[in-house]
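Notes for the structure review
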There are 8 protein chains.
Amino acid sequence: MRNSRDAFHIAVPARDLDAAALFYNKMLGCPVARRYADRVTFDFFGDQLVCHYSPDDPVVESPTLYPRHFGVTFREREDFDALLRLVNLRKVPVFQEVRSRFGGTAEEHSTVVLVDPTGNLLEFKHYTDPRMMY
Amino acid sequence: MRNSRDAFHIAVPARDLDAAALFYNKMLGCPVARRYADRVTFDFFGDQLVCHYSPDDPVVESPTLYPRHFGVTFREREDFDALLRLVNLRKVPVFQEVRSRFGGTAEEHSTVVLVDPTGNLLEFKHYTDPRMMY
Amino acid sequence: MRNSRDAFHIAVPARDLDAAALFYNKMLGCPVARRYADRVTFDFFGDQLVCHYSPDDPVVESPTLYPRHFGVTFREREDFDALLRLVNLRKVPVFQEVRSRFGGTAEEHSTVVLVDPTGNLLEFKHYTDPRMMY
Amino acid sequence: MRNSRDAFHIAVPARDLDAAALFYNKMLGCPVARRYADRVTFDFFGDQLVCHYSPDDPVVESPTLYPRHFGVTFREREDFDALLRLVNLRKVPVFQEVRSRFGGTAEEHSTVVLVDPTGNLLEFKHYTDPRMMY
Amino acid sequence: MRNSRDAFHIAVPARDLDAAALFYNKMLGCPVARRYADRVTFDFFGDQLVCHYSPDDPVVESPTLYPRHFGVTFREREDFDALLRLVNLRKVPVFQEVRSRFGGTAEEHSTVVLVDPTGNLLEFKHYTDPRMMY
Amino acid sequence: MRNSRDAFHIAVPARDLDAAALFYNKMLGCPVARRYADRVTFDFFGDQLVCHYSPDDPVVESPTLYPRHFGVTFREREDFDALLRLVNLRKVPVFQEVRSRFGGTAEEHSTVVLVDPTGNLLEFKHYTDPRMMY
Amino acid sequence: MRNSRDAFHIAVPARDLDAAALFYNKMLGCPVARRYADRVTFDFFGDQLVCHYSPDDPVVESPTLYPRHFGVTFREREDFDALLRLVNLRKVPVFQEVRSRFGGTAEEHSTVVLVDPTGNLLEFKHYTDPRMMY
Amino acid sequence: MRNSRDAFHIAVPARDLDAAALFYNKMLGCPVARRYADRVTFDFFGDQLVCHYSPDDPVVESPTLYPRHFGVTFREREDFDALLRLVNLRKVPVFQEVRSRFGGTAEEHSTVVLVDPTGNLLEFKHYTDPRMMY
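Residues numbered from 1 in each chain as written. Chains lettered and ligands numbered in written order. Predicted model: local features only at pLDDT ≥ 70, side-chain atom pairs only at ≥ 80, totals over all residues. Heavy atoms only, no water.

Naming follows an unreviewed UniProt entry, where chain A appears as Glyoxalase of Streptomyces xinghaiensis.

**A few points about the overall build of chain A**
Our working definition: Secondary structure elements follow DSSP: runs of H or I no shorter than four residues count as helices, runs of E no shorter than two count as strands, and numbering proceeds from the N terminus. With C-alpha atoms as the basis for the radius of gyration, the globule rule is written as 2.2 Å multiplied by the number of residues raised to the power 0.38. The buried label applies to any residue whose accessible area, calculated with a 1.4 Å probe on protein chains only, is under 20% of its type's maximum; exposed applies above 50%, and partly exposed to all values in between. The criterion used for residue contact is that any of the two residues' heavy atoms lie within 4.5 Å. All accessibility values rest on the Shrake-Rupley procedure with a 1.4 Å probe; residue burial counts only the protein chains present in the view.
Helix and strand counts for chain A come out as two helices and eight strands. Along its sequence from the N terminus, chain A presents helices and strands in the succession β-α-β-β-β-β-α-β-β-β. A compact globule built from 134 residues should have a C-alpha radius of gyration of about 14 Å, and chain A, at 15 Å, falls within 12% of that. Referenced to the eigenvectors of the C-alpha coordinate spread, the extents of chain A come out at roughly 45 × 35 × 30 Å. Looking at chain A residue by residue over its 134 residues, the buried ones come to 62%. Here the contacts in chain A between residues at least 6 apart in sequence split such that 53% fall between residues at least 24 apart. Accessible surface, chain A as shown: approximately 5200 Å² in total, 52% of it carbon and sulfur.

**Brief notes about the state of the cysteines**
Test applied: Cysteine sulfur atoms are paired as a disulfide whenever they come within 2.5 Å of each other.
Under the defined criterion, the tally for this structure stands at zero disulfides over all chains. Cysteine Cys51 of chain G shares no disulfide, and the gap to the nearest cysteine sulfur, in Cys30 of chain G, comes to 9.6 Å.

**Examining the interface of chain A and chain G**
For clarity, the threshold we go by: Computed with a 1.4 Å rolling probe, the buried area is the accessible surface lost when two parts are put together, summed over both parts. When a carboxyl oxygen of Asp or Glu lies within 4 Å of a side-chain nitrogen of Lys or Arg, that pair is called a salt bridge. Counting of polar contacts relies on pairs of N or O atoms within 3.5 Å, with two restrictions inside protein: one atom must be capable of donating a hydrogen and the other of accepting it, and residues adjacent in sequence are counted only when both atoms are side-chain atoms. Residue polarity is assigned by list, with Asp, Glu, Lys and Arg as charged and Ala, Val, Leu, Ile, Met, Phe, Trp, Tyr, Cys and Pro as nonpolar; anything else, Gly included, falls into the polar class.
The interface of chain A with chain G comprises ten residues on the first partner and ten residues on the second. Contact between chain A and chain G buries roughly 800 Å² in total, counting both sides, with carbon and sulfur atoms accounting for 45%. For chain A, the biggest contributors to the area lost against chain G are Ala106, Asp129 and Arg131 of chain A; these three give 56% of the whole. At the surface where chain A touches chain G, the tally comes to two salt bridges. Among the salt bridges present, the one from Arg90 of chain G reaches Glu107 of chain A, with a minimum N-O distance of 2.9 Å. Scanning the region where chain A abuts chain G turns up three residue pairs in polar contact (both at pLDDT 80 or more). Residues belonging to the side of chain A that touches chain G are distributed by class as follows: two nonpolar, three polar and five charged.

**Digging into the side chain of Asn25 of chain G**
Relative to the elements of secondary structure, Asn25 of chain G occurs in helix H1 (residues 17-27). Polar contacts involving the side chain of Asn25 of chain G include one to the main-chain carbonyl oxygen of Val32 of chain B, which spans 3.5 Å. A polar atom in the side chain of Asn25 of chain G sits 2.9 Å from the backbone oxygen of Cys30 of chain G.

**Considering the environment of Arg68 of chain B**
Note that Arg68 of chain B resides in the loop between strand E4 (47-53) and strand E5 (69-74). Judged by its relative accessible area of 33%, Arg68 of chain B falls in the partly exposed class. Along the chain, Arg68 of chain B and Asn120 of chain B lie 52 residues apart, while their C-alpha atoms are 8.4 Å from each other. Sequence-distant contacts of Arg68 of chain B, that is, excluding residues within four places in its chain, are made with Ala11, Pro13, Arg68 and Asn120 of chain A.

**Here we look at the arrangement of the chains**
A gap remains between chain A and chain E, with no contact made and the closest C-alpha atoms lying 18 Å from each other. Nothing in chain B touches chain F, and the closest approach of their C-alpha atoms is 18 Å.

**Overview of the relation of the copies chain C and chain D**
Rules: Copies overlap after least-squares fitting; the atoms used are the C-alpha atoms of residues with pLDDT of at least 70 in both.
It takes a turn of 180° to lay chain C on chain D, together with a shift of 0.0 Å along the axis; the resulting RMSD is 0.0 Å. The symmetry that links the two subunits is that of a two-fold axis. Taking C-alpha positions as reference, the residue of chain C nearest the rotation axis is Ser4 of chain C, located at 2.5 Å.

**Looking at the interface of chain C and chain D**
Facing 43 residues of chain C, the contacting portion of chain D comprises 46 residues. Approximately 4500 Å² of surface area, both sides summed, lies buried where chain C meets chain D, with 51% of it carried by carbon and sulfur atoms. Taken together, chain C and chain D are joined by two salt bridges. Residues Glu76 of chain C and Arg5 of chain D are paired through a salt bridge, measuring 2.8 Å at the closest nitrogen-oxygen approach. Linking chain C with chain D are 25 residue pairs in polar contact (both at pLDDT 80 or more).

**Quick word on unusual backbone geometry**
Note the cis peptide between Tyr66 of chain B and Pro67 of chain B, where omega equals 5°. With respect to the helices and strands, Pro67 of chain B occurs in the loop between E4 and E5. Of note, the phi angle at Lys91 of chain F is positive, near 55°, even though the residue is not glycine. Inspection of the secondary structure puts Lys91 of chain F in the loop between helix H2 (77-90) and strand E6 (94-101).

**Some remarks on the relation of the copies chain A and chain G**
There are two copies of the chain, and a rotation about an axis plus a shift along that axis relates them. Take chain A, turn it by 90°, move it 0.0 Å along the axis, and it overlays chain G with an RMSD of 0.0 Å. Within this description, the copies of the chain are treated as partners about a four-fold rotation axis.

**Let's talk about the packing of aromatic side chains**
In plain terms, the rule: Stacked, tilted and edge-to-face are the three classes applied to pairs of Phe, Tyr and Trp rings, where Trp contributes its six-membered ring and a pair requires centres within 6.5 Å; stacked means planes under 30 degrees apart, edge-to-face means over 60, and tilted covers the rest. Whether a charge sits over a ring comes down to the Lys NZ or Arg CZ being within 6 Å of the ring centre and within 35 degrees of the ring normal.
As enumerated under the stated definition, the model contains 92 aromatic pairs over all chains in all. For the pair Phe45 of chain B and Phe124 of chain B, a centre-to-centre distance of 5.3 Å together with 55° between the ring planes defines the contact as tilted. Highlighted residues: Phe45 of chain B in the loop between strand E3 (39-44) and E4 and Phe124 of chain B in strand E8 (residues 121-127), separated in sequence by 79 residues. Like Phe45 of chain B, the residue Phe124 of chain B is buried in the burial classification. An angle of 85° between the planes, with centres 4.8 Å apart, marks the rings of Phe23 of chain D and Tyr24 of chain D as edge-to-face. Taken individually, Phe23 of chain D and Tyr24 of chain D each receive the classification buried, so the pair is uniform in this respect. Lying over the aromatic face of Phe45 of chain D, Arg131 of chain B brings its terminal NZ or CZ to 3.7 Å of the ring centre.

**Some details on helix H2 (residues 77-90) of chain D**
Residues and elements named next belong to chain D. Threshold: A helix is expected to span 1.5 Å multiplied by its residue count minus one.
The terminal C-alpha atoms of H2, which comprises 14 residues, lie 20 Å apart, in line with the 20 Å expected from a rise of 1.5 Å per residue. Taken together, the buried positions of H2 are occupied by Asp79, Phe80, Ala82, Leu83, Leu84, Leu86, Val87 and Arg90. On its buried face, H2 sits against helix H1 (17-27), strand E5 (69-74), strand E6 (94-101), strand E7 (109-115) and strand E8 (121-127). Of the residues trailing H2, Lys91 is marked for its positive phi of about 55°.

**With respect to the pairing of strand E2 (residues 32-36) of chain D**
Rules: We treat two strands as partners when DSSP finds at least two bridges between them.
Here four bridges tie E2 of chain D to strand E3 (residues 39-44) of chain D, and the two strands are oriented antiparallel to one another. Bridge assignment links Tyr36 of chain D to a residue of E3 of chain D, and that residue is Arg39 of chain D.

**Observations regarding the pattern of salt bridges**
Going through the model one piece at a time under the given rule, you end up with 48 salt bridges over all chains. Between Arg35 of chain A and Asp18 of chain A there is a salt bridge; the shortest N-O distance is 2.7 Å. Within this pair, whereas Arg35 of chain A is found in strand E2 (residues 32-36), its partner Asp18 of chain A is found in helix H1 (residues 17-27), the two being separated by 17 residues in sequence. Note that Glu108 of chain B is salt-bridged to Arg85 of chain D, the shortest N-O span being 2.9 Å. On the criterion of chain membership, the pair formed by Glu108 of chain B in the loop between strand E6 (94-101) and strand E7 (109-115) and Arg85 of chain D in helix H2 is interchain, its members lying in two chains. Its relative accessible area of 19% is what places Glu108 of chain B among the buried residues.

**Focus on the pairing of strand E8 (residues 121-127) of chain F**
All names here are of chain F. Taking burial as the measure, the seven residues of E8 include seven buried ones, the bulk of the element. Covered by surrounding structure in E8 are Leu121, Glu123, Lys125 and Tyr127 together with Leu122, Phe124 and His126, the residues of both alternating faces. In terms of strand pairing, strand E5 (residues 69-74) meets E8 through five bridges, oriented parallel. Its bridge partner being in E8, Phe70 is matched across the sheet by Leu122. Relative to E8, strand E7 (residues 109-115) is paired through seven bridges, and the arrangement is antiparallel. Bridging from a neighbouring strand, Ser110 pairs with His126 of E8.

**Some remarks on the confidence of the model for chain A**
The predicted coordinates ought not to be read in detail in places where the model reports low pLDDT. What counts here: The predictor reports its confidence for every residue as pLDDT, a score running from 0 up to 100.
Scored by pLDDT, chain A comes out at a mean of 94, with 97% of its residues at no less than 70. Quick note on the complex model: pTM equals 0.94, ipTM equals 0.94.

**A word on the environment of Ala11 of chain G**
Counting through the fold element by element, Ala11 of chain G comes out in strand E1 (residues 7-14). Residue Ala11 of chain G is classed as buried on the basis of its relative accessible area of 1%. Ala11 of chain G sits 28 residues away from Arg39 of chain G along the chain, and the two C-alpha atoms are 9.5 Å apart. Excluding residues that lie within four positions of it along the chain, Ala11 of chain G makes contacts with Val50 and His52 of chain G together with Pro67, Arg68 and His69 of chain H.

Written as structure tokens, this is what we have:
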């Protein structure tokens, strides 16, 4: 369990800040904390996500999940399911459909991967055994 | 404030898993949650950090803070200072020395940037006004 | 999630303080924190509500929900249902019966609107997806 | 102390949604949760504030603090002071300068009143004795 | 909700300290915090109960529930049921069997009253609507 | 530490309900949760206090602290001092002035005893070592 | 309930630190906080476990549960069951299969005992009535 | 940070249960949860300590701190100091006086070791940097 008073923060490139705001705020429902000419910051599920304006960031034709992605591991299954429902209702771009991984092992978990307009990959997970979250 | 039962997770490349373990566990004091042949997972200040074995990840001669980095924004100044003390005592590689930014504005904060063996940049921050954390 | 140590406070007019006390304390079950000649303060579901004596406040024949109302958004459905049960048992004046809004979208929620003796409107809500509470 | 999982919500008129966003987000630092054609919702110090587009809302020449205003009562003095600092740094419009009220009584508290572009009044308070918050 | 860092404390007479310890510790499972020649203190469901040695306290033939008794109001039904189970398994003296009161009103609650060796009455309650706990 | 979701409750006699409301609400600042013909219930520092109308309760000429009293043990010294300040400002009837007891032992604590209009004694305490609270 | 900011710590002998790490980290999923030449420290279900290198610690042919063992008492049954599932999936060495003890009494609980490579015994428990945890 | 709803438990031998109760309850102030013919259980700083009656447990002439001891690592310095004060006031047997270890490194901490009547060693610690607690 983490200290709820601190916040993780992550900065990622965004080729288009309006597209980023559309994806993170309108689709994923993350409040917009601040917007400047060169960046937008979001309250991303309680942590801080910063999209830096990077118009020259190369377009990745085929993004891969490894080695670079980020996301949230939910403690409760109902929060994972609420995210899935949101993805369906708002037609959030999916990179990899929801699936179960490592079934029959202690690491068993459900996972879904989304992709933002710049090609950053977001993975949301839920573990059958919450002690495996780390 | 975030929901302390969920965890953020982030995956980054590591050209050498032993070097990653040395940096994150021995230097920064992050517990090693799991180690597999192709990755190590850490309890990174309460969130999950995954270092994926990426031997072919290009060596970046001059990494830049933007657009890609991650880290922790501390709620309490004493936690930021404890991190600085740890960096000094264990000689953790520093990319950008501690400095104050945006002094005299509401966004005023202290920041220090570290660099891991693969060149990933980690920023730790503390805001004078905690409401600016997002 | 909010900081539970701070309190929201809201001041609204009351043409009759006894009627206000009857409505908020006897009917809605909000403890009376303080009563002065010109106001009554209530612990309104954990926040502070102040009814200011305003005998000359105009009587609104047809109050409208927009743009001005206040209330509580419950995190748990059972707390919303407990409020409904209270409204029924104590025959609290209802301005708009419980209904579901925006069904089939992410903003889907249940809502009921009450009206106090001065015509102030109180809306109580519960969202299917708690991330839509804001 | 209140239940931190529920949220208070309040709806107020806004003659101009852009001006409201400038005031609440850029000045007071409240994240923008959602924006529609007819309203903007903010995470207002942990609670929900909804500004409803009301272009015909009458301009009030001399708004009065009573009977209608809203705001936050801080539990810790340092949070009240941080709000004052923010007001000064960003030159947030002040309706009534910070002052101490009821000195020498149990109800003693500090208070400052701000005014938003539509004339809604916001009061921020801190009580010497936190039990008097209600 | 109350501040979990403070403790309520109550002092009651005990004609026999051993009998009091048998009742509160062995039967009700309250840890014995301290024992002196003239008193025993218990961690009574998280609060402090002090039994003062009062050998001359008059024996009350027919104790009455009003105006003087104390006890715990449980937030969760399962905690009330666990108390009932404990009472049955350990044959704790019951003054008034479990019953439901005020059915069909907002104040509806379940209640059971126990009696300690000195005749002090303990009431344990659970309200259908937790907001009625006060 | 206790479970903050449950509440202690205590019922005491009151020869005069108005006098009880004056003492507990107006002087001590405890919100009035409910008032019926035969009782008033207060949110007494987070727990429930019920004053039962007992007009025939005998007047005790010289009440004694033992064996029967109740009150709050504060975890933080500043909360004890705030209570003292309230007592002074509002001239709450004091039965025993603030004093230090058991100085030089582990049980060292400060204590003040108040008396309500019916003669019930209320003790407020603060221990130098919080582990001695029980 | 305990203070979540403090940690219990326990030091036990380990004849082989690699074997200890295999057992506590790989099998039980406890993060490795620190490793030195003479010890390994684990985040053992939130507390600190230290395995001290003790190559000459005598091999106990028939370890006994009394008087020396340690472990965790889970508040929620589902956490106990998750531990059992982990034990089965990863084939953690069991000293005493899961069983129910003291059925029909207030002390009723489920228990399972594991054994680490050095012969230290670990007991995990869950009580039907959580007040019996102590 | 650990889950405050679970409890660590540890069982240790006691050659004399009365002596154990004297040490843990009267001296260290740990409430006695339960006492049976063959054991006493204590609420040991929020966790469960069980002293099993072991009259034949060998008397250790010179107990050693390694590899076997247990205790509490305090998060706050003031809690460590309160323990020291208790030890002095009640003359709790000390095995190793308070000292500072690893000064000038990240692992710097204060420590004191007590010894119970059976020779079990208890270490209480406080780290300058709380992240080193594990």
